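Single-letter residue listing:
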Amino acid sequence: MIEVNNIKKSFGDKVVLEDISAVMEAGKCNLIIGTSGSGKTVLTKCMVGLFKPDSGGVSFGGQDMLAMNDEERKELRQQIGMLFQGSALFDSMTVEQNVMFPLDMFSTLSHSDKKKRVNEVLARVELKDAHKKFPAEISGGMKKRVGIARAIVLNPKYLFCDEPNSGLDPQTSLVIDKLIKELTQEFNTTTIVVTHDMNSVMEIGDHIVYLYQGRKEWEGTNKEIIFSKNDLLNKFIFASEFLQDAKDMRMLEMKGKIANDRNMDDLLQ
Ligand SMILES: Nc1ncnc2c1ncn2[C@@H]1O[C@H](COP(=O)(O)OP(=O)(O)OP(=O)(O)O)[C@@H](O)[C@H]1O
């Protein structure tokens, strides 16, 4: 579990995060959503220690990151896996070398054990025959899988994914979303996904934090988001008329179901 406690962050005069508190739950996909410029990336950078908040803090498993000494912070860094926007693979390295990179940096395993671990994670993300390929030789979806394999190779407790679907078609996005969800459950990671993608929100959003102009405007589950009465959130999630119509239909469907259930209850009494 990660706790974000009253984080404030400004750049010069510009307030970017205004007193954000939230809990990112273990074994769950925690989504941070919001329009462009709402502060999602700055918040995640504060969470992983790439930015220092002006005030407030972040606790990982109850331990305040700002209070950690260098050794503890280094240990924490190794428990954090990151899938960067655009995958951020090293172009001059093969898939295998990319995934091995964190092991070379942080583990004391022998070369053959590292290779074994790389094979395991590449198999887990269903990439078996790409070991010797370079990033330029594989598709966008495969690059994301390599990025995910690299993010999980050290068995992280915390998995951060920055816009994992950017540049992918809807079908491939769904496959990547499902993979992130499965890994989260399988390894009980506390997963944080930054996204604009409403499909992801509905597919994997166990817990959603909605930011608006640097404030946490709403927090809830993907079951609750459909019925939210928050106007700003509704403008964001139902940005198209089509989705608004779909929402109205869903509401009608639910009302019908509730009415039917009531009738059933009446009949049973
Ligand atoms: N290093 C920085 N220096 C100054 N301002 C910054 C810096 N990083 C971010 N900002 C500002 O903070 C605000 C929030 O940016 P952030 O990147 O967190 O938005 P976002 O919600 O992630 O947007 P997007 O969805 O487009 O990635 C923006 O106004 C941005 O210009």
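Residues numbered from 1 in each chain as written. Predicted model: local features only at pLDDT ≥ 70, side-chain atom pairs only at ≥ 80, totals over all residues.

1. Regarding the overall build of the protein chain
- Scanning the protein chain from N- to C-terminus turns up 10 helices and 10 strands.
- The buried share of the protein chain, reckoned over its 269 residues, is 33%.
- A separation threshold of at least 6 residues defines the contact pool for the protein chain, and within that pool the share at least 24 residues apart is 66%. (Helix = DSSP H or I, 4+ residues; strand = E, 2+ residues; numbered from the N terminus. Buried ≥ 20, exposed ≤ 12 C-beta atoms within 10 Å, placed from the backbone. Contact = placed C-beta atoms within 7 Å.)

2. Things to note about the site of the ligand
- For the ligand, the full set of nearby residues is Phe11, Val16, Gly34, Ser36, Gly37, Ser38, Gly39, Lys40, Thr41 and Val42.
- Sorting elements by how many residues they give to the shell around the ligand places helix 1 (residues 40–48) first, with three residues.
- Residue classes in the shell around the ligand are distributed as three nonpolar, six polar and one charged. (Near = placed C-beta within 6 Å. Nonpolar A, V, L, I, M, F, W, Y, C, P; charged D, E, K, R; others polar.)

3. Thoughts on the UniProt feature "domain: ABC transporter" (unreviewed entry) in the protein chain
- When the UniProt feature table is mapped onto this chain, "domain: ABC transporter" (unreviewed entry) is found at residues 2–238.
- As a span, residues 2–238 carries 39% helix and 25% strand, and end to end its C-alpha atoms are 29 Å apart. (UniProt positions renumbered as here; feature names shortened; annotations may be inferred.)

4. Focus: the pairing of strand 8 (residues 190–194)
- Counting buried positions along strand 8 gives five out of five residues, so the element sits mostly inside the fold.
- Of the two faces of strand 8, both are covered, the one formed by Thr190, Ile192 and Val194 as well as the one formed by Thr191 and Val193.
- Taken together, the four bridges between strand 3 (residues 29–33) and strand 8 define a ladder with parallel strand orientation. Directly across from Asn30, in strand 8, lies its bridge partner Ile192.
- Pairing of strand 7 (residues 158–162) with strand 8 involves five bridges; the strand directions are parallel. Bridged to Tyr158 within strand 8 is Thr190. (Pairing = 2+ DSSP bridges.)

5. Structural notes on helix 5 (residues 140–152)
- Across its 13 residues, helix 5 extends 19 Å between first and last C-alpha, which sits within 8% of the 18 Å expected from 1.5 Å per residue.
- For helix 5, a buried count of 10 out of 13 residues is recorded, marking the element as mostly surrounded by other parts of the structure.
- Where helix 5 is buried, its residues touch strand 6 (80–83), helix 3 (95–106), helix 4 (111–124), strand 7 and helix 6 (170–187). (Expected span 1.5 Å × (residues − 1).)

6. Description of the sheet that holds strand 3
- One open sheet holds the six strands; their spatial order is 6-7-8-3-9-10, and the pairing between them is mixed. The two strands at the open ends of the sheet, each matched to only one other strand, are strand 6 and strand 10 (215–220). Averaged over neighbouring strand pairs, the angle between their axes works out to 15° when direction is ignored.
- Strand contacts of helix 5: strand 6 and strand 7, with the helix running at about 170° to strand 6, the strand carrying the most contacts. (Axes fitted to C-alpha atoms, helices over the stretch in contact; angles between N-to-C directions.)

7. Regarding unusual backbone geometry
- Backbone geometry places Asn155, a non-glycine residue, at a positive phi of 60°.
- Tracing the sequence through the fold places Asn155 in the loop between helix 5 and strand 7.
- One non-glycine residue, Asn188, lies in positive phi territory at about 55°.
- Among the secondary structure elements, Asn188 is positioned in the loop between helix 6 and strand 8.

8. Structural notes on the packing of helix 5 against helix 6
- Running from amino to carboxyl end, helix 5 crosses helix 6 at an angle of 15°, the nearest separation of the two axes being 10 Å. Judged by the inter-axis angle, helix 5 sits roughly parallel to helix 6. In the packing of helix 5 onto helix 6, the handedness of the crossing is right-handed. On helix 6, the residues that touch Gly141, Lys144, Ile148 and Ile152 of helix 5 are Thr172, Val175, Ile176, Leu179 and Leu183.
- Its residues assigned to classes, the contact of helix 5 with helix 6 comprises six nonpolar, two polar and one charged. (Parallel < 35°, antiparallel > 145°, perpendicular 65-115°, else oblique. Left-handed = near helix turned anticlockwise from the far one by under 90°.)

9. Overview of the packing of helix 3 against helix 4
- Contact pair helix 3 / helix 4: the axes reach a minimum separation of 10 Å and the direction vectors enclose 120°. By the criterion of interaxial angle, the relationship of helix 3 to helix 4 is oblique. Relative to helix 4, helix 3 is oriented so that their crossing is right-handed. Taken together, the residues of helix 4 that come into contact with helix 3 (itself represented by Glu96, Val99, Met100 and Leu103) are Lys114, Arg117, Val118, Val121 and Leu122.
- Class assignment for the residues of the contact of helix 3 with helix 4 results in six nonpolar, no polar and three charged.

10. With respect to the nonpolar core
- Grouped together as the largest cluster of nonpolar side chains are 57 residues, with contacts concentrated most on Ile32, Leu43, Val99, Val121, Ala149 and Ile152.
- The dominant element in this core, judged by the number of residues it contributes, is helix 5, at five residues.
- Apart from residues lying up to four places away in sequence, Ile152 is in contact with Gly81, Val121, Leu159 and Leu183. (Core = buried A, V, L, I, M, F, W, Y, C linked by C-beta atoms within 7 Å.)

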